[in-house]
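Chains, contacts and geometry: an overview
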Amino acid sequence: MNKRTCLYDRHVALGALVQPFGGFDMPIQYSSIIEEHNAVRQHCGVFDVSHMGETFISGEDAERFVNHIFTNDVTGAPIGQIFYGMMCYPDGGTVDDLLVYKMGEQLYFLVINAANIDKDVEWIMTSAEGFNVNIDHCSERYGQLAVQGPEAETVMEEVLQIPCKDLVFYTAKTLNVDGVEVIVSRTGYTGEDGFEIYGSHEYIVNQWDKLMESGRCKPCGLGCRDTLRFEVGLPLYGDELSQDISPVMAGFSMFCKFDKPEFIGKEALLKQKTEGVARRLRGLMLDDRAVPRHGYKVLKDGVEVGEVTTGYRLISVDQSCAVALVDSSLKLGDRVEVQIRKKTFPATIVKKKFYDKHYKK
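Here goes a summary of the coordinates provided. (Residues numbered from 1 in each chain as written. Predicted model: local features only at pLDDT ≥ 70, side-chain atom pairs only at ≥ 80, totals over all residues. Heavy atoms only, no water.)

1. Things to note about helix 8 (residues 266-275)
For the record, the criterion: Buried residues are those whose accessible area, probed at 1.4 Å on protein chains only, stays under 20% of the maximum for their type, while exposed residues exceed 50% and partly exposed ones sit between those limits. For helices the rule is a DSSP run of H or I covering at least 4 residues; for strands it is a run of E covering at least 2, with both sets numbered from the N terminus onward.
For helix 8, the full list of buried residues reads Lys266, Ala268, Leu269 and Gln272. One or two steps after helix 8, the chain reaches Gly276, where phi turns positive at roughly 95 degrees.

Here it is, written out as structure tokens:
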């Protein structure tokens, strides 16, 4: 049986389409994916992301341990700084992509993907041998909201009375609200300005109710979360990153800090970066309105050269696009075909970002 978030009853009451995702029953859409997508691009939308996993790492070796399991470098970071990166296997394959929040001296808050919670926590635990750290898996204690869109800051300040103007992009802070500790951050998985709120289940339900009562924030499902992230070139684990798709293959070498003394997978990833990889992720723009989907074949002169990881008829730019894992010999501007059922449709290799991000710097 799938798990349910603290907001499940609210989704059902709003008539959401609820489907399994990452081991949870989650809202896919409330009105329509297009309507919700446009609400986030133009105004403000709120997502229940309480299915995400959270883990605290503390102790005298916390910084060294986080650097050991994480491709990015947290050395000497100021409190409140957030980092994006990956945990990798020794062969360079991706365990998960995640966010690491520095919440205090030797205190880190890891946010991991819902479908990977059990696997990730086990990986973190088994990697901790020889480090003096405390690992507190706290996913069951936290609910999480993502308030996203150009009006997100105003909604946070005016509707929820959460002071957040002081947060710059990729920073976080802890608030004490009526004796309850709440973490607020400014990141986002939509390409728009936005905030995340982590708190107790009761607190998150109360905040959701305030947002719904205000009429200033549209409830959004995971359907438009996927279209939004895809347009701006952000990966989804299981599609653009996996045990078989390394950060280098996915084009995320910038989040692998090879000047660190060590991290799990460093040698394999460095070899991939210096010697090259057989396949890498590329964007595709189709000539036609046909929609490519995960797993569809990519052909070059009739010969299979890769397969689609994600594809959509993009909402913000009205164009059929895809990201595909293809032979690394293919260059920007090359012409290929995508096999959609029994027909093939011509496409051009392009960058894998189709819409510009609008984060507040």
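2. Observations regarding the side chain of Glu337
What counts, and what does not: Counted as positive: Lys and Arg. Counted as negative: Asp and Glu, with His and the chain ends omitted from the count. Put simply, a salt bridge is a Lys or Arg side-chain nitrogen that is within 4 Å of an Asp or Glu carboxyl oxygen. What makes two residues a contact is simply this: any of their non-hydrogen atoms within 4.5 Å.
Assignment of secondary structure puts Glu337 in strand 18 (residues 335-340). Here Glu337 is buried and forms no salt bridge, its nearest opposite-charge partner Lys300 lying at an N-O distance of 6.5 Å. Sequence-distant contacts of Glu337, defined by excluding residues within four places in its chain, comprise Lys297, Val298, Leu299, Lys300, Asp301, Gly302, Thr344, Phe345 and Pro346.

3. Describing the sheet that holds strand 4 (residues 53-58)
Adjacent strands of a sheet form backbone hydrogen bonds with each other and so pair up, either parallel or antiparallel. The following threshold applies: Strands were regarded as paired on the criterion that DSSP finds at least two bridges between them. In this analysis, axes come from line fits to C-alpha atoms, helices being fitted only over the stretch in contact, and the angle between any two N-to-C directions falls in the range 0 to 180 degrees.
Taken in spatial order, the five strands of this open sheet run 5-6-7-4-8, and their pairing is antiparallel. The strands lining the two open edges of the sheet, one partner per strand, are strand 5 (82-88) and strand 8 (134-137). The sheet shows a mean angle of 30 degrees between the axes of neighbouring strands, taken without regard to direction. Both strand 4 and strand 8 contribute to a ladder of four bridges, which runs antiparallel. By the bridge assignment for strand 8, Ser58 is matched with Asn134.

4. Considering the nonpolar core
Across soluble globular proteins, you tend to see nonpolar side chains buried next to one another. Stated precisely, the cut-off is as follows: Grouping buried Ala, Val, Leu, Ile, Met, Phe, Trp, Tyr and Cys residues that are joined through side-chain atoms within 4.5 Å yields what is termed a nonpolar core.
Phe47, Tyr101, Phe109 and Ile183 are the most contacted members of the largest nonpolar core, which has 49 residues in total. For this core, the secondary structure elements donating two or more residues are strand 5, strand 6 (94-104), strand 7 (107-112), helix 7 (222-231), strand 16 (303-314) and strand 17 (319-327). Sort the elements by how many residues they give to this core and strand 5 lands first, with four residues. Phe109 has contacts with Glu54, Thr55, Phe56, Leu99, Val100, Tyr101, Met103, Cys138, Tyr142, Ile183 and Tyr198, leaving out every residue within four places of it along the chain.

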